[in-house]
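# Descriptive structure summary
Below, each chain spelled out in residue letters.
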Amino acid sequence: GAGVSQSPSNKVTEKGKDVELRCDPISGHTALYWYRQSLGQGLEFLIYFQGNSAPDKSGLPSDRFSAERTGGSVSTLTIQRTQQEDSAVYLCASSLGTGGYEQYFGPGTRLTVT
Amino acid sequence: KQEVTQIPAALSVPEGENLVLNCSFTDSAIYNLQWFRQDPGKGLTSLLLIQSSQREQTSGRLNASLDKSSGRSTLYIAASQPGDSATYLCAGANDYKLSFGAGTTVTVRA
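## So, the nonpolar core
Core analysis: the biggest nonpolar cluster contains 21 residues, and B:Leu33, B:Trp35, B:Leu75 and B:Tyr88 have the highest contact counts within it. Elements with a contribution of two residues or more to this core: β3 (19–25), β4 (32–38), β5 (44–51), β7 (62–67), β8 (72–77), β9 (86–94) and β11 (104–109) of chain B. If you tally residues by element for this core, the top one is β3(B), at 4 residues. In terms of nonpolar packing, the next biggest core, distinct from the first, is built from 20 residues, A:Leu46, A:Leu77, A:Ile79 and A:Leu111 among them.

## Regarding the sheet that holds β8(B)
Residue and element names in this part refer to chain B. Within the open sheet, the 5 strands sit side by side as β1-β3-β8-β7-β6. Their pairing is antiparallel. Each end of this open sheet is capped by a strand with a single partner; those strands are β1 (4–7) and β6 (56–59). Between one strand axis and the next, the sheet turns through 15° on average, direction left out of account. Strand direction decides the pairing type here: β3 and β8, joined by 6 bridges, are antiparallel. Counted as the bridge partner of Val20 is Tyr76 from β8.

## Details of the interface of chain B and chain A
Counting from both sides, the interface comprises 18 residues of chain B and, opposite them, 19 residues of chain A. Taken together, chain B and chain A are joined by 1 salt bridge. In this structure, A:Asp56 engages B:Lys97 in a salt bridge whose closest nitrogen and oxygen atoms are separated by 3.5 Å. Remark: the boundary between chain B and chain A carries 7 residue pairs in polar contact (both at pLDDT 80 or more). Of all the secondary-structure elements, those providing two or more residues to the side of chain B that touches chain A are β4, β5 and β10 (97–100) of chain B. Its residues assigned to classes, the side of chain B that touches chain A comprises 8 nonpolar, 7 polar and 3 charged.

## Topic: the pattern of salt bridges
All names here are of chain A. This structure, assessed with the given rule, holds 6 salt bridges over all chains. Across the salt bridge formed by Asp24 and Arg22, the nearest N and O atoms sit 2.9 Å from each other. Given a relative accessible area of 38%, Arg22 falls into the partly exposed group. A salt bridge links Arg36 to Glu44, with the nearest nitrogen and oxygen atoms 3.0 Å apart. Assessed through its relative accessible area of 21%, Glu44 is described here as partly exposed.

## Points about the pairing of β8(B)
Residues and elements named next belong to chain B. Bridge count for β7 against β8 is 6 bridges, and the pairing is antiparallel. Among the inter-strand pairings, Asn63 is bridged to a residue of β8, identified as Tyr76. Where β7 hands over to β8, the hairpin turn is made up of 4 residues, of which Gly71 adopts a positive phi near 70°.

Quick notes on the rules
- Residues numbered from 1 in each chain as written.
- Chains lettered and ligands numbered in written order.
- Predicted model: local features only at pLDDT ≥ 70, side-chain atom pairs only at ≥ 80, totals over all residues.
- Heavy atoms only, no water.
- Core = buried A, V, L, I, M, F, W, Y, C linked by side-chain atoms within 4.5 Å.
- Buried < 20%, exposed > 50% of the residue type's maximum accessible area, 1.4 Å probe, protein only.
- Helix = DSSP H or I, 4+ residues; strand = E, 2+ residues; numbered from the N terminus.
- Pairing = 2+ DSSP bridges.
- Axes fitted to C-alpha atoms, helices over the stretch in contact; angles between N-to-C directions.
- Contact = heavy atoms within 4.5 Å.
- Salt bridge = Lys/Arg side-chain N within 4 Å of Asp/Glu carboxyl O.
- Polar contact = N/O pair within 3.5 Å; in protein donor to acceptor, adjacent residues only side chain to side chain.
- Nonpolar A, V, L, I, M, F, W, Y, C, P; charged D, E, K, R; others polar.

Now the structure itself:
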């Protein structure tokens, strides 16, 4: 079946602009995660959605970052007033459930802030 | 907070040699440990998932072990091939969050 998809694959934006990154999880997966991979910080957790529960936003680096998940499926990560330090690869993952389920990752969105 | 370390950071071996990749973690209360492969410019491909109740998991030429008491996991790749060249990442799951190591970049020389 189809895996996790993300769009766009690459995004170049000017400092100060807002960007939206999209994630389509595997059909039937109730849990969705966003991670960020940057040269200086490695791979780090950003936010987690599980069903209709309130998301865990504990990994979001600043209030410029927000995410939503509509209808328990597609998710959008929004970065407002982008900064150069936001340049990274943003990875989305999904799993059947939580507490021990395998996470499947999408190909990522490479964000470059100029 | 879970801290995950992978040593070595890079490894180069001739084709046919067995690969041994090490991963250590600080919090033994993990739900599971997952090994991933990442090719340059690509996302993560899941290789093996070991539940906390398991000691090892096998898939083809890959075998991963888990020792919670010592906080270690090892990924073995038998009879390496040039196509195995990639970065290998391990990640420990405490509740639902994955904590990643920095990865081991493997080069298999033909």
